[in-house]
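What follows is the residue order along each chain.
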Amino acid sequence: MGYPHTQTGAKAAAANYTVVSGSTAFLTNSERRHNAVAAMAARDAADSASKKADLAATQAVASLRGDTPEVSADQTIARTGVLSARVLGYDDQGAMVRLWTTTVRGSAAGHATPVAGYQSVTVTLVWESNDWKLKDSSSSAGLVAPIDARQASNVAGDFSGYAPAAADDPVVTGAMRPDGFPAPYEQNESGARAAAVSAVMLYGDARFFTDSDWRRQMLAATAAPSVLGSVTSDSDATARLVTENRGVGTDGKSADGSELITRTAVLATRTISCTDQAASIELWTASAGGVAGKDETRRPQVAFLRMTVDLVWIDGTWKTTAVTPSAPLVPSPPAMQQADSADSFATVGGVDNAPATA
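So, how was this worked out
- Every residue gets a number counted from 1 within its own chain, in the order that chain's sequence is written.
- It should be noted that, the model being predicted, local features are given only for residues of pLDDT at least 70 and side-chain atom pairs only at 80 or more, the latter also being counted only at that level, while totals for whole chains, interfaces and linings use all residues.
- Side-chain measures here rest on the full set of heavy atoms in the structure, leaving out hydrogens and waters.
- In this text, helices come from DSSP runs of H or I with a minimum length of four residues, and strands from runs of E with a minimum of two, each type numbered from the N-terminal end.
- Radius of gyration here is computed from C-alpha atoms only, and the compact-globule reference equals 2.2 Å multiplied by the residue count raised to the power 0.38.
- Residue burial is assigned from relative accessible area. The probe radius is 1.4 Å, only protein chains are included, and a residue is buried under 20% of its type maximum, exposed over 50%, and partly exposed in between.
- Accessible areas in this description were obtained via Shrake-Rupley with a 1.4 Å probe; residue shielding takes into account the shown protein chains only.
- When charges are counted, Lys and Arg are positive and Asp and Glu negative, with His and the chain ends excluded.
- Think of each charge as sitting on NZ of Lys, CZ of Arg, CG of Asp or CD of Glu.
- Given a helix with a known number of residues, its expected span is that number minus one, times 1.5 Å.
- At any given residue, the bend is defined as the angle formed between two axes, one fitted to the seven residues that end at that position and one fitted to the seven that begin there.
- Contact between two residues is taken to exist if any of their heavy atoms lie within 4.5 Å; hydrogens are not considered.
- Criterion used throughout: strands pair if DSSP finds at least two bridges between them.

A. Highlighting the overall build of the protein chain. Scanning the protein chain from N- to C-terminus turns up eight helices and eight strands. Its C-alpha atoms give the protein chain a radius of gyration of 19 Å, within 12% of the compact-globule value 21 Å for 358 residues. Taking the principal axes of its C-alpha atoms as reference, the protein chain extends roughly 50 × 45 × 40 Å. Counting every position in the protein chain, which comprises 358 residues, the buried fraction comes to 52%. Carbon and sulfur atoms form 51% of the exposed surface of the protein chain, whose accessible area is close to 15,500 Å². Charge separation in the protein chain, taken as the distance between the mean sites of 29 positive and 37 negative side-chain charges, equals 3 Å.

Written as structure tokens, this is what we have:
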């Protein structure tokens, strides 16, 4: 609650409402579900939103059970990451935002690995009581990207660290500085988590690889001064490697006009340590990467990674000192779903379709 009265604020509201609506508490606890709907929904939409939420919870039971006889709420894995946010319409009174999301549903109990899925979610918002409120939402099958061929699915028990009591959903605010990068964070644990979420999302933005000026401005905004030189040098090298391997130029396109698609969504966050001066946050992420064009061998794939973000409190905000990938945490691929063609992913690329940051 309390989003900026901007397109980015509308994106943030749409993303948070979708993440909350796909969470374990929302899907398994009717009291918490109805309280969430009351907080999120517009006044004249609360009743219909509550009924729609109850129906969605009933339909989700099978996917949350895994291969156990009943849903175990404390072992349920229900996480949603936002890979793309496209504003379909916007004015001072309302907005419509279409999200491309990846979900992981299942249980850490039993033997069946939680399953990945993709949805296209359209969220209609109204500006009410000085905030963006949910008017309506609908979902359908989203673009299906294959899981990176180098990643094998984990066993069910490996996901227990991201059960409800062990990890939190990411929260984005859409609050930005005049230069377009995230506004300063609060000096507390939630602020550190938000800064970590924003950092990995920005590292996964296509501009990180194709636009050297944007990349260096982003690093200056998010990295601690003590590591800025080395991080900039490493990032420049990484960007060159990616653009050379993908065959794209500074405009993010290859010679035949195909577009580089890269996004990082955060599925969950865990605090490893946190004081008022330093923090270490572990994130479970889903990163899409590839080229939207006619060459199917370069079709975007999704990799599921864990990342540890180390931060320090400096200059009135949280800044990163290290972003370190660790062991993957990989769900099973979507059952009986064929990956979409490479050129289909052009609809989720581009700067305008980038999700809001924290």
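Following the structure, the description resumes.
B. Representation of helix α8 (residues 225-246). In a regular helix each residue adds 1.5 Å, so 22 residues correspond to 32 Å; α8 covers 31 Å between its end C-alpha atoms and thus fits that length. Of all bends in α8, the biggest is about 30°, found at Val-231. Taken together, the buried positions of α8 are Val-227, Val-231, Thr-232, Ser-235, Asp-236, Ala-239 and Thr-243. Considering only its buried residues, α8 is in contact with α5 (189-203), α6 (206-210), α7 (212-222) and β8 (317-326). Just downstream of α8 lies Gly-247, where phi reads positive at about 70°.

C. Inspection of the pairing of strand β6 (residues 278-292) at higher detail. Summarising burial for β6: 14 of the 15 residues are buried, a large majority. Inspection of the sheet shows strand β5 (residues 259-274) paired to β6 by 14 bridges, in the antiparallel sense. Bridging from a neighbouring strand, Glu-259 pairs with Ala-292 of β6. Count of turn residues in the β5/β6 antiparallel hairpin: three residues.

D. A look at the pairing of strand β2 (residues 94-107). Counting buried positions over the 14 residues of β2 gives twelve, a clear majority of the element. Hairpin connection between strand β1 (residues 76-90) and β2: a loop of three residues separates the two successive antiparallel strands. Bridge analysis of β2 against strand β3 (residues 115-128) gives twelve bridges, and the strand direction is antiparallel. Of the residues in β3, the one forming a bridge with Thr-102 is Tyr-118.

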